[in-house]
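These are the residues of each chain, in order.
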Amino acid sequence: MDDKLREKLLKPYDPKETEERIYKLWEDSGFFNPDVCIEKGITEANAKPFTIIMPPPNANGRLHAGHALFVTLEDIMTRYHRMKGDRTLWVPGADHAGFETQIVYERKLEKEGRSRFEMTPEDLYKEIYDFTITNKKFMEDDIRRLGASCDWSREKFTLDPDIVKTVQNTFDKMFNDGLIYRGDRIVNWCAKHQTSLSEVETEFEERTEPFYYLQYGPFVISTSRPETKFGDKYVVMHPKDERYKEYKDGQKIDLEWINGPITATVIKDESIDMEFGTGVMTITPWHDQVDFEISERHNLEKEQIIDWKGKLLPIAGEFTGIHISKARTKIIEKLKEKGLLVKIDESYKHNVKVCFKCNTVIEPQIKDQWFIKMRPLADKALEAVESGKIKFYPENYKKIFQYWMTNTIDWNISRQIVWGIPIPAKICITCKKGYSDLKDELKKCTCGSELIKDTDTFDTWFSSGQWTLLALGYPDTKELDIYHPTDVMETGRDLIFKWIPRMVIFALYLRNEVAFRNVYLHGLVNDEKGEKMSKSKGNVVNPIELVDIFGTDALRMALVVGNTPGTDLSLSRDRVKGYKNFANKIWNATRFVLDNTKNFTVSETPKYDEEDNKSDEELKTLMEEITKEMDEYKFYIVSEKLYHYFWHTFADIIIERSKKKILASPVGSGPRENKNADSAKTLLYTQLNMLLKALHPFTPFVTEEIWSMMPATNKNLLMVEKWPAPSADKTC
RNA sequence: GCGCGGUUAGCUCAGUUGGUAGAGCAACUCAUUUACACUGAGAAGGUCGGGGGUUCAAGUCCCUCACCGCGCACCA
């Protein structure tokens, strides 16, 4: 160790001075790329591959604490496997995040007093593109600062031209296989964002609203939404309901309704709950999922009542053009005047479906959209999970996956937004038939009418669902044959619905194999009080800020120690601070070890005294234990054990004990130097060496920095040194 | 309504196939020129949510109740 290093070691560990330099060292070495590792003889050419595809962060802002957690966990796995000699690949990426990003951008426009509806689609696209590319760079810098050892040379963006092309090809293939159809179906319509949404993009909000009982001819019907009732001309009841047995299915009844006399038709349907309300209801097939299904069963007419902006159509008569949010009280007034209002129940509690971004009430609408037939695809996914080809950590998420896949409904992949991958399709202007048209060459529909280009874009999950394949170069199979199926998909537990099933489905469909063998789901990162971080609460923790104060290694430990998969974590500054102390503890212990092993060569066949021998065995046992736990994804326990061993055994016991032995026999004191000093020195050096390696995946910066000071010969970067214990199970 | 998870030390959480309760942080006592105050030593702290059952033995398995959290579904 030269004087410069010695001088550095005398001061406390300084992450600020260290991290950027070390990261550059790693990146310049090329070892993030498994090909380079093989080329340089670090990894065997026939080594078993280990692959993680990074969940591509949305390129619309900086990283949050959840990102820091996933980077940490995935980097731990990656570094561990690289050190074990696997052909280890971690592919980074960035997601254009369709609707999400467009909303972020629309908020920005709103602040500037602009609106997307006043812009050409081309201008809007260009602006969002520039915005995204800028943010993508920030995001990548943040990932580097967290120490991610991912292969940047393979980085992918979901709007890369080849990815766009592949995604469109998938649409074409599914269309030709009959798995995608164009259909008039009920969609979730957000009137603010002017787009349809999938089920996962809506939420329920509990509301207490008045519940109205209305006289409908001889019946009393109940509704929470009188403003949709203008076109109701079917009155439905259960076929076994004794109260209404005098009315026959298909019977016509003339009655007075909101805007005058109408003829209603009686429909008997078993879906009616006889216990609810009066057991009779009228239906609005255009604006309600259940009503839509009833009307499909009985082949009833459907009519649109509310337009795409949320205003009443001419069917509403004098109420035409009024926004539904304002129409209700007016309509109730009129019903009251006409004597049709029976009573109002003021405390009716029910759930209202709202847009997950703006909380606007979702207006179900019948819309011509592209849908994916989920049943056949979901069945294959279920089979893959049931046969154990995909394992979940924690295990109970398997059940959630199965539930979701069993109850899946057809997936609407059309979005009426600009920011996304265009759907390569044509629609007939007359009969509305849809065609996949990759080459933009179709002109006429089979009905003879003209075709126009579909202006919609894909739901972002349509492209990110193919991510394990796209990130590895699909449709080119060169890399896929090596690295796919990937080993682990590590992501937030909230993505068990949104993302995981779609990746499973697409990989099975396109490549007939699972997308990943293991799914590791982490919980949310909450604030120190355990409350969910949110901008409105002002309790959002910026991980990079914590890195600035305490260092990356400290943050990583704080995120991983004791954090079991699937469980939420409370992240406090004190927690991070504690691990900053740990990094410094490693640093100081190193100073002691290096000071006391100067000019000392560790024997290849070390001879320990009795207690040192016991300590040697103890650490070796620990190494075997943690290796097993690493293979079981128990990083929460491995990190804790290493922390505990380093601090309370290595530092508190072994170092303290060595003081007596070494001080009792000063260096260079010739014959007086007893073998207990050698034993102590050997143990100090050997254990530090081993602990640095074992700690490296968790605290990569401080361990790498210290490694550079270790006097070993033939030394490489610590990141590619051999992990200090073999796996019990070679297949892990 | 259906389902899932949780309830263990003041706080945050571990606890593997049942075998005398663990860690971190906080608090307490003492020490401290000696790698490290970003420190050390020590002590303290829990009828493992309630009740019942299986067992030689239950934090762990079964039943039941309560409370907290989450997800899904329906709601005319």
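This is a predicted model, so every value here is computed, not measured.

A.B. asks: Honestly, the pattern of salt bridges in this entry has me stumped. Any pointers?
C.D. replies: Overall, the coordinates contain 62 salt bridges when judged by the stated rule. With a closest N to O distance of 2.8 Å, Arg556 and Asp75 form a salt bridge. Linking Arg556 in helix α18 (residues 552–560) with Asp75 in helix α4 (residues 65–83), this pair joins segments that are 481 residues apart in sequence. By relative accessible area, which is 0% here, Asp75 ends up buried.

A.B. asks: What am I meant to see in helix α16 (residues 500–511) here?
C.D. replies: Residues spaced three or four apart along an α-helix point in a common direction, a consequence of the helix completing one turn every 3.6 residues. With 12 residues, α16 should cover 16 Å at 1.5 Å per step; its first-to-last C-alpha distance of 16 Å lies within 8% of that length. Burial of α16 is extensive: 12 of the 12 residues sit out of reach of the surface.

A.B. asks: Just checking my understanding: could you explain the environment of Leu312 for this structure?
C.D. replies: Relative to the elements of secondary structure, Leu312 occurs in the loop between α8 (289–298) and α9 (324–337). For Leu312, the residues in contact, after removing those within four places along its chain, are Glu227, Phe230, Ile305, Ile306, Phe319, Thr320, Gly321, Ile322, Ile324, Ala327 and Ile331.

A.B. asks: Could you clarify how one ought to interpret the protein's contact with RNA strand B in this entry?
C.D. replies: Near RNA strand B, the surroundings consist of 42 residues, among which Ser222, Thr223, Val290, Asn351 and Trp647 are the closest. Close to the protein, within 4 Å, the atoms of RNA strand B are drawn from sugar and phosphate at a rate of 61%. One nitrogen or oxygen atom from the main chain of Asp273 is found 3.4 Å from a base nitrogen belonging to RNA strand B. A distance of 3.3 Å separates a sugar or linking oxygen of RNA strand B from a polar atom in the side chain of Tyr403. For the surface near RNA strand B, the secondary-structure elements that each account for two or more residues are β7 (202–216), β8 (219–223), β13 (341–355), α19 (573–596) and α21 (635–663). With 12 residues, the single largest contributor to the surface near RNA strand B is α21. Considering only residue class, the surface near RNA strand B consists of 18 nonpolar, 15 polar and nine charged.

A.B. asks: Where do I start with the packing of helix α2 (residues 15–29) against helix α23 (residues 700–707) in this structure?
C.D. replies: Any two packed helices are characterised by the angle at which their axes cross and by the distance between the axes. Where α2 contacts α23, the two axes come as close as 9 Å, and the packing angle between them is 80°. The pairing of α2 with α23 is recorded here as roughly perpendicular in orientation. Of the residues in α23, those in contact with Glu17, Thr18, Glu19, Arg21, Ile22, Tyr23 and Trp26 of α2 are Pro700, Phe701, Glu704 and Glu705. The residue inventory of the contact of α2 with α23, partitioned by class, reads five nonpolar, one polar and five charged.

A.B. asks: Hey, could you run me through the nonpolar core in this one?
C.D. replies: The nonpolar side chains of a soluble globular protein tend to be buried with one another. Grouped together as the largest cluster of nonpolar side chains are 170 residues, with contacts concentrated most on Ile372, Phe462, Phe635 and Phe650. In terms of residue count, α21 provides more of this core than any other element does, 11 residues in total. Once you skip the residues sitting within four places of it in the chain, Phe650 turns out to touch Ala589, Val593, Tyr645, Ile655, Leu684, Gln687, Leu688 and Leu691. Within the second largest apolar cluster, 30 residues are counted, among which are Ile221, Trp257, Ile322 and Leu335.

A.B. asks: So what exactly am I meant to see when it comes to the environment of Lys620 here?
C.D. replies: Position of Lys620 relative to the elements: it lies in helix α20 (residues 610–631). Under the relative-accessibility criterion, Lys620 is labelled partly exposed at 38%.

A.B. asks: Help me understand the state of the cysteines, please; the structure alone is not making it clear to me.
C.D. replies: By definition, a disulfide links the sulfur atoms of two cysteines through a covalent bond. In total, this model carries zero disulfides according to the counting rule given. No disulfide involves Cys358; its nearest neighbouring cysteine sulfur is the one of Cys355, lying 3.6 Å away. Cys358 gets classed as partly exposed once you look at its relative accessible area, which sits at 22%. Cys447 provides the cysteine sulfur closest to Cys428, a residue in no disulfide bond, and the two sulfurs are 3.6 Å apart. On the basis of relative accessibility, which here comes to 2%, the residue Cys428 falls in the buried class.

A.B. asks: Mind showing me how you'd approach the packing of aromatic side chains here?
C.D. replies: Ring pairs (aromatic) are described by centroid distance and by the angle formed between their planes. Per the counting criterion, the structure on display carries 39 aromatic pairs. Measuring from centroid to centroid gives 6.0 Å for Phe99 and Phe356, while their planes differ by 25°, and the two rings are stacked. Of this pair, Phe99 sits in helix α5 (residues 98–111) while Phe356 sits in the loop between β13 and β14 (363–372), and the two are 257 residues apart along the sequence. For Phe356, a relative accessible area of 15% translates into the label buried. Following the ring pairs from residue to residue traces out a cluster consisting of Phe171, Phe175, Trp370, Trp411, Phe458, Phe462 and Phe506. Above the face of the Phe371 ring, Arg185 is positioned so that its terminal group lies 4.4 Å from the ring centre. The ring of Tyr213 has Lys343 sitting right over it, with the charged end atom 4.5 Å from the ring centre.

How each quantity is defined
Residues numbered from 1 in each chain as written. Chains lettered and ligands numbered in written order. Predicted model: local features only at pLDDT ≥ 70, side-chain atom pairs only at ≥ 80, totals over all residues. Heavy atoms only, no water. Salt bridge = Lys/Arg side-chain N within 4 Å of Asp/Glu carboxyl O. Helix = DSSP H or I, 4+ residues; strand = E, 2+ residues; numbered from the N terminus. Buried < 20%, exposed > 50% of the residue type's maximum accessible area, 1.4 Å probe, protein only. Expected span 1.5 Å × (residues − 1). Contact = heavy atoms within 4.5 Å. Near = heavy atom within 4 Å. Polar contact = N/O pair within 3.5 Å; in protein donor to acceptor, adjacent residues only side chain to side chain. Nonpolar A, V, L, I, M, F, W, Y, C, P; charged D, E, K, R; others polar. Axes fitted to C-alpha atoms, helices over the stretch in contact; angles between N-to-C directions. Parallel < 35°, antiparallel > 145°, perpendicular 65-115°, else oblique. Core = buried A, V, L, I, M, F, W, Y, C linked by side-chain atoms within 4.5 Å. Disulfide = S-S within 2.5 Å. Phe/Tyr/Trp six-rings, centres within 6.5 Å; stacked < 30°, edge-to-face > 60°. Lys NZ or Arg CZ within 6 Å of the ring centre and 35° of its normal.

Such coordinate-based values are descriptive only and should not be taken to indicate function.
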